[in-house]
Number of protein chains: 2
Amino acid sequence: MYTIGQISEMFNIPISTLRYYDKEGLFPEMERRSGIRRFSEKEVEALRVIECLKASGLEIRDIKQFMKWCVEGPSTYSKRKDLFEKRKKAVEEEMKQLQKTMDMLKFKCWYYEKAIKDGNEDRLNQMLPDHLPKEIQKLYDSAHS
Amino acid sequence: MYTIGQISEMFNIPISTLRYYDKEGLFPEMERRSGIRRFSEKEVEALRVIECLKASGLEIRDIKQFMKWCVEGPSTYSKRKDLFEKRKKAVEEEMKQLQKTMDMLKFKCWYYEKAIKDGNEDRLNQMLPDHLPKEIQKLYDSAHS
DNA sequence: GTAATACCTAAACCTGACTTTAGGTCAAGT
DNA sequence: ACTTGACCTAAAGTCAGGTTTAGGTATTAC
């Protein structure tokens, strides 16, 4: 059993945020001893799931719904699995998007490196949009598609 | 030259958002004809960069700073390159984080698939935390590290 | 016994990124 | 001339996800 302060240190999450999560219903079964929250291993695992679902782009209210399902028992297994499958797809999309972002960033790094060498963008402007070095052209095309 | 309505369709961004970006200084050199905005190829490329920097996690005020540097000319090439290098690192971090998120999601999908088959979590609880099938154990460990 | 810590609540406040509202301009078509 | 549609502004409103504030309780250290 952990206090809110221990959990805060463990996860590097402000105490105020943990209380906010609790208020929003993300720990529906948390115990209390004379008013004080007692985080068990269950809440620790819940918090890992909260961080995962949040990182996947899910909103607090939907995480709360998931936590409710967990309390309801085996009848909600398939709803829970569905949720995770959907989050998986969302994260796959997000990663594709990030890869495009990455290509643009790499292109711009190359671009400015060359601009610094040349002292201006004249030669670069002549190469755009389709006379770039092969590997750079790939990045440019990916970022501009 | 494009109107705000054409750009809105082109990028699938609300007109109100484009006006907001302009008000925030993200198009410092945009022309006007009798009060009406005229987006040139320069602004189109700026918008691609805005979307990229936003996707990399940069705030509007910092994107504005970048756009100011662009107006200042060659003396800011290295500042601009630095910015893109930093964004690249931030996105690399973000991708690592997303990979961990993905591992947790895959683990949970496997978990609930098994829970559905079994009708309960008893066998699963016996396998946790280190008697999982080899590939699943990898996902679990990655997500819980 | 009293001081320092670590906990508690309710409610107000904050921030970033937009969006909506209310009222106005301007050019083209009928 | 007048209506329609696309543009304009300033200012207020919205929303998620917290954080801060103000006032209070409970346990341990001296």
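Okay, so let's go over this structure. This is a predicted model, so every value here is computed, not measured.

Take the protein's contact with DNA strand D next. In the region of DNA strand D, 18 residues are neighbours, and Thr 17 and Arg 61 of chain A together with Arg 19, Arg 32 and Arg 37 of chain B sit closest. Here DNA strand D approaches the protein such that, of its atoms within 4 Å, sugar and phosphate make up 80%. The contact in question runs from a phosphate oxygen of DNA strand D to an N or O atom on the backbone of Ile 60 of chain A, over 3.4 Å. Interatomic distance of 2.6 Å between a side-chain N/O atom of Arg 19 of chain B and a phosphate oxygen of DNA strand D.

Moving on: the side chain of Asp 22 of chain B. All names here are of chain B. Among the secondary structure elements, Asp 22 is positioned in helix H2 (residues 15-23). Within the local environment of Asp 22, its side chain forms a polar contact with the side chain of Arg 32, the two groups lying 3.2 Å apart. With residues near it in sequence (within four places) discarded, Asp 22 still touches Phe 27, Met 30, Arg 32 and Arg 37.

This part covers helix H4 (residues 60-72) of chain B. Residues and elements named next belong to chain B. Compared with the 18 Å implied by 1.5 Å per residue over 13 residues, the 19 Å span of H4 between its first and last C-alpha is a close match. When H4 is considered as a whole, its buried residues turn out to be Ile 60, Ile 63, Phe 66, Met 67 and Trp 69. In the stretch just after H4, Gly 73 is the one whose phi turns positive, near 95°.

Residues Leu 47 and Phe 66 of chain A together with Leu 47 and Phe 66 of chain B are the most contacted members of the largest nonpolar core, which totals 90 residues. Those residues in contact with Phe 66 of chain B that lie beyond four places of it in its chain are Tyr 112 of chain A together with Val 49, Leu 53, Arg 80, Leu 83 and Phe 84 of chain B.

Attention shifts here to the packing of helix H5 (residues 77-118) of chain A against helix H7 (residues 134-144) of chain A. Residues and elements named next belong to chain A. Interaxial distance between H5 and H7 falls to 8 Å at its minimum, and their mutual angle equals 130°. Classified by the interaxial angle, the pair formed by H5 and H7 is oblique. Viewed along their axes, H5 and H7 form a crossing whose handedness is left-handed. Residues Lys 100, Asp 103, Met 104, Lys 106, Phe 107 and Trp 110 of H5 form the contact with H7, whose own contacting residues are Ile 136, Leu 139, Tyr 140, Ser 142, Ala 143 and His 144.

Take the protein's contact with DNA strand C next. Contacts to DNA strand C come from 18 residues, most closely from Arg 19, Arg 32 and Arg 37 of chain A together with Thr 17 and Arg 61 of chain B. Backbone atoms, meaning sugar and phosphate, form 80% of the atoms of DNA strand C found within 4 Å of the protein. Residue Ser 16 of chain B places a side-chain N or O atom 3.3 Å away from a phosphate oxygen belonging to DNA strand C. Separating a phosphate oxygen of DNA strand C from a side-chain N or O atom of Tyr 21 of chain B is a distance of 3.2 Å. Counting residues per element, the ones that place at least two in the surface near DNA strand C are helix H1 (4-11), helix H2 (15-23) and strand E2 (36-38) of chain A together with H2 and H4 of chain B. For the surface near DNA strand C, the leading source of residues is H2 of chain B, giving four residues. Here the residues of the surface near DNA strand C are counted per class, giving seven nonpolar, five polar and six charged.

Rules behind the numbers
- Residues numbered from 1 in each chain as written.
- Chains lettered and ligands numbered in written order.
- Predicted model: local features only at pLDDT ≥ 70, side-chain atom pairs only at ≥ 80, totals over all residues.
- Heavy atoms only, no water.
- Near = heavy atom within 4 Å.
- Polar contact = N/O pair within 3.5 Å; in protein donor to acceptor, adjacent residues only side chain to side chain.
- Helix = DSSP H or I, 4+ residues; strand = E, 2+ residues; numbered from the N terminus.
- Contact = heavy atoms within 4.5 Å.
- Expected span 1.5 Å × (residues − 1).
- Buried < 20%, exposed > 50% of the residue type's maximum accessible area, 1.4 Å probe, protein only.
- Core = buried A, V, L, I, M, F, W, Y, C linked by side-chain atoms within 4.5 Å.
- Axes fitted to C-alpha atoms, helices over the stretch in contact; angles between N-to-C directions.
- Parallel < 35°, antiparallel > 145°, perpendicular 65-115°, else oblique.
- Left-handed = near helix turned anticlockwise from the far one by under 90°.
- Nonpolar A, V, L, I, M, F, W, Y, C, P; charged D, E, K, R; others polar.

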